Amino acid sequence: MSASQAESRSDLLTDFSHLIDGQAVTSDDWMDVINPATGRAFARCPKAVRGELDRAVAAARKAFTAWSKTGYDERVEYLKRMAEALEDSQDWLGELLTREQGKPVAQARGEIGRGKGQLTGLSSIPIPVETLVDDEDKHIELHYRPLGVVGIITPWNAPINLALGPIASALYTGNTIVLKPSPYTPLTTLKIGELMGEIFPPGVVNVLAGGDELGQQMTEHPGIAKISFTGSVETGKKVMASCASTVKRLTLELGGNDPAIVLDDVDPAEVAKKLFFAGTVNSGQVCMAVKRVYAHEKIYDALCAALAEEANKVKLGDGMDADTQLGPLQNRMQYDKVRDFLEDTKKTGARFLAGGDIPEGAGYFVPPAIVTDIAEDARLVREEQFGPILPVLKFSDIDDAIARANDTDYGLCGSIWTKDLNKGAQLAARLEVGTAWVNQHRATHPLVPFGGAKQSGLGRQYSILGLLGYMEPLVISVAKK
Ligand code: NAD
């Protein structure tokens, strides 16, 4: 290693630790964390191994005994304190999130801020006790009880948003947790772990940074009762297979290839603004981003031109710069994948109305691209691009558009855009997805279930449906005679 490299490594932030049984601990192994705006490491954090996972699971199991006996009201108070701690730390946590994830700092702070709504919203939902039968012979009730230790595994695109829903759901319903963020974006989650360590009793919350293998060890671990996994379809299938060995409960929030269908009665410029944002915010690295646009032939050209105008206006840059609207892609692997999509799309003869070229220089920057005249079987249409490249396809018959929108193994979300709200709702009901929107895309709420149909997921997060996924139904049946 050269002197200058050694010097630059001494600049790395290293003030990070796991949280195990209420204690800040580190590991023998450490891993670099890259700032995607520069492509260079700016921090290092400990990398947990199996022994540390075993300690975290043992601590969580021990803590479960007392935590599961606390009442809902008591747990709500803990979650409120956590929401306040997040609010107090929103600014600096947001900056750290931008440095490791890349998104503009206002959006990163917004992601931390939304956590407050998840914590308070989910813990405002009453868990029912239902009387199923009450007659002369029997009184039968349906109760729900916590499962035990929940393992939460999160991806790199919105690490905090995607951790806090499962964290709130698991803790409110009386479970304890072991949380593992993506190795690409572990830092903000570790810092939130530190905050939680000051609030929750030891062992209730455990946070470990580690590689993919640590995630796999969690899915196999006999001490973990449920896995809440958010990530790609490919990994989700491995998680599901691995959980089978111990019949773990499982919630899978996986990838999407969301269609947006635009009818001929809209104002193309107005819709283009909303569609462009929904397709490219966070540089398109959003599970429920618009990933395919189907536009009626009457407004096709106008919509494509308006989308291109939006794309050409965008300020791409380091998320720490106040005027940046789109940051870099989060990591080298995703950057290479998106470049592959661009090259492949060019080969198909499709037209780029905006974008298509990658700027020289450091960082994983990809300008937003609007692609028209593209074949239905192009990779960009069939696969999840997870980048700021939006294909726009033409239709003349709405039944054909719905059939093409549904012709995929994905089924996360979709949207219909029209001035006729009744017609919009009727068409939305024909989309084979978990959430179908009219005149919007990407709107979630802690009181509204979210999740995927088909291979986009299993189970739901949020709402009573999501919460019950963190609980075991328990029938109590009393014979009166
Ligand atoms: P990924 O599947 O590569 O990784 C997700 C997490 O799983 C990481 O923490 C990783 O370390 C861990 N992991 C990797 N291999 C594992 C294994 N064999 N067993 C257990 N854990 C393992 O996903 P990613 O690339 O980080 O995230 C992008 C994907 O996530 C996209 O497909 C996106 O659509 C999807 N996503 C879905 C939602 C949703 O709510 N439906 C939300 C955000 C992202």
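In what follows, the structure referred to is the one given above.
Asker: Honestly, the site of the ligand in this entry has me stumped. Any pointers?
Answerer: Contacts to the ligand come from 29 residues, most closely from Thr154, Asp212, Ser232, Leu254 and Glu384. For the ligand, an oxygen atom lies 2.8 Å from a polar atom in the side chain of Ser232. Backbone polar atom of Leu254 to a nitrogen atom of the ligand: 2.7 Å apart, as the coordinates give it. Contact with the protein chains covers 91% of the free accessible surface of the ligand, which is 850 Å².

Asker: Looking at this structure, I do not really get the sheet that holds strand β15 (residues 369-372). What am I missing?
Answerer: Whether parallel or antiparallel, the strands of a sheet pair through hydrogen bonds between backbone atoms. On the basis of which strands lie adjacent, the open sheet formed by seven strands has the order β14-β15-β16-β13-β12-β17-β18 and mixed pairing. The strands lining the two open edges of the sheet, one partner per strand, are β14 (351-354) and β18 (435-438). Strand-to-strand twist in this sheet, taken as the mean axis angle between neighbours without regard to direction, amounts to 25 degrees. As paired elements, strand β17 (residues 413-417) and β18 share four bridges and run parallel to each other. Bridge pairing links Ile416 to Val438 in β18. Relative to strand β13 (residues 290-296), helix α10 (residues 268-280) is tilted by about 155 degrees, and along the sheet it contacts β12 (258-262), β13, β15, β16 (389-395) and β17. Helix-sheet contacts for helix α14 (residues 398-406) involve β12, β13, β16 and β17, and the interaxial angle to β16 is about 145 degrees.

Asker: What am I meant to see in empty space enclosed by the protein here?
Answerer: Rolled over the atoms, a probe sized like a water molecule indicates the empty space that remains. On inspection of all chains with the given rule, the structure shows two cavities of 30 Å³ or more. Here the largest cavity is characterised by a volume of approximately 50 Å³. The wall of the largest cavity is formed by 13 residues, among which Pro259, Thr408, Tyr410, Gly411 and Val433 lie closest to the centre. Listing elements by their share of the lining of the largest cavity, those giving two or more residues are β12 and α14. Tallied by class, residues from the lining of the largest cavity come to six nonpolar, four polar and three charged. Approximately 30 Å³ is the volume attributed to the second largest cavity. Around the second largest cavity, the lining residues are Asn257, Arg292, Val381, Arg382, Asp407 and Thr408. Broken down by class, the residue content of the lining of the second largest cavity amounts to one nonpolar, two polar and three charged.

Asker: How should I be thinking about the layout of surface pockets in this particular structure?
Answerer: By volume, the largest pocket is sized at about 1,200 Å³. Of all the secondary-structure elements, those providing two or more residues to the lining of the largest pocket are β3 (30-35), α8 (212-220), β10 (226-230), α9 (233-243) and α12 (332-347). The leading source of residues in the lining of the largest pocket is α9, at seven residues. Its boundaries defined by the atoms lining it, the second largest pocket holds a volume of some 590 Å³. Taken together, 29 residues make up the lining of the second largest pocket; nearest its centre are Arg114, Asn161, Met288, Arg442 and Thr444. Looking at the lining of the second largest pocket, the elements with two or more residues in it are α5 (105-122) and α6 (159-172). Ranked by residues supplied to the lining of the second largest pocket, first place goes to α5 with six residues. Of the residues in the lining of the second largest pocket, the class split is 12 nonpolar, 12 polar and five charged.

Asker: Help me out: how do you make sense of the sheet that holds strand β20 (residues 471-479) in this one?
Answerer: Read across the sheet, three strands follow the order β5-β6-β20 without closing on themselves; strand pairing throughout is antiparallel. Every interior strand has two partners, whereas the edge strands, β5 (130-134) and β20, have only one. Averaged over all adjacent pairs, the angle separating strand axes in this sheet is 20 degrees, with direction ignored. In this sheet, strand β6 (residues 138-146) lies alongside β5 in antiparallel orientation, the contact comprising four bridges. Within β6, the position partnered with Asp134 by the bridge is His139.

Asker: Help me understand unusual backbone geometry, please; the structure alone is not making it clear to me.
Answerer: One non-glycine residue, Phe386, lies in the positive phi region at around 50 degrees. The class of Phe386 is buried, set by a relative accessible area of 11%. The backbone phi angle of Arg442 is positive, close to 85 degrees, even though this residue is not glycine. In this structure, Arg442 sits in the loop between β18 and β19 (457-458).

Asker: Just to check I follow, could you spell out the side chain of Lys291 for this structure?
Answerer: Mapped onto the elements of the fold, Lys291 is located in strand β13. A relative accessible area of 1% means that Lys291 is categorised as buried. Here the side chain of Lys291 touches Glu384 through a polar contact of 2.9 Å, side chain to side chain. Beyond its immediate stretch of four places on either side in the chain, Lys291 contacts Gly256, Asn257, Asp258, Gly284, Val286, Leu380, Glu384, Gln385, Phe386, Leu390 and Pro391.

Asker: When you look at the pairing of β6 in this model, what are you seeing that I'm missing?
Answerer: The side chains of a regular strand alternate, first on one face of the sheet and then on the other. The turn linking β5 back onto β6 is made up of three residues. Across nine bridges, the pairing between β6 and β20 is antiparallel. By the bridge assignment for β20, Arg145 is matched with Glu472.

Asker: Quick question: what am I supposed to make of the packing of aromatic side chains here?
Answerer: Centre-to-centre distance and the angle between the planes together describe a pair of aromatic rings. For the structure on display, the rule yields six aromatic pairs. When the ring of Trp67 is compared with that of Phe200, the centres are 5.8 Å apart and the planes differ by 70 degrees; the resulting orientation is edge-to-face. In this pair, Trp67 is assigned in helix α2 (residues 50-67) and Phe200 in the loop between α7 (187-199) and β9 (205-207), connecting sequence segments 133 residues apart. Taken individually, Trp67 and Phe200 each receive the classification buried, so the pair is uniform in this respect. Ring centres of Tyr335 and Tyr364 lie 5.4 Å apart, and the angle between their planes is 40 degrees; on these two criteria the pair is classed as tilted. Of this pair, Tyr335 sits in helix α12 while Tyr364 sits in the loop between β14 and β15; the two residues are 29 residues apart in sequence, bridging distant segments of the chain. The same class applies to Tyr335 and to Tyr364, which are both buried.

Asker: How should I be thinking about a nonpolar patch on the surface in this particular structure?
Answerer: A surface patch of nonpolar side chains, about 210 Å² in accessible area, is lined by Leu474, Ile476 and Val478. Summarising the element assignment, Val478 is placed in strand β20. With a relative accessible area of 41%, Val478 lands in the partly exposed category.

Conventions used here
Residues numbered from 1 in each chain as written. Predicted model: local features only at pLDDT ≥ 70, side-chain atom pairs only at ≥ 80, totals over all residues. Heavy atoms only, no water. Near = heavy atom within 4 Å. Polar contact = N/O pair within 3.5 Å; in protein donor to acceptor, adjacent residues only side chain to side chain. Areas by Shrake-Rupley, 256 points an atom, 1.4 Å probe, with all protein chains shown as cover. Pairing = 2+ DSSP bridges. Helix = DSSP H or I, 4+ residues; strand = E, 2+ residues; numbered from the N terminus. Axes fitted to C-alpha atoms, helices over the stretch in contact; angles between N-to-C directions. Contact = heavy atoms within 4.5 Å. 1 Å grid on protein atoms, 1.4 Å probe; cavity = no way out; pocket = protein on both sides within 12 Å on 5 of 7 lines; lining within 4 Å. Points joined across faces, edges and corners; volume = space filled by probe spheres on them. Nonpolar A, V, L, I, M, F, W, Y, C, P; charged D, E, K, R; others polar. Buried < 20%, exposed > 50% of the residue type's maximum accessible area, 1.4 Å probe, protein only. Phe/Tyr/Trp six-rings, centres within 6.5 Å; stacked < 30°, edge-to-face > 60°. Patch = residues over 30% accessible without salt bridge, like charges linked within 9 Å, V, L, I, M, F, W, Y side chains within 5 Å. Salt bridge = Lys/Arg side-chain N within 4 Å of Asp/Glu carboxyl O.

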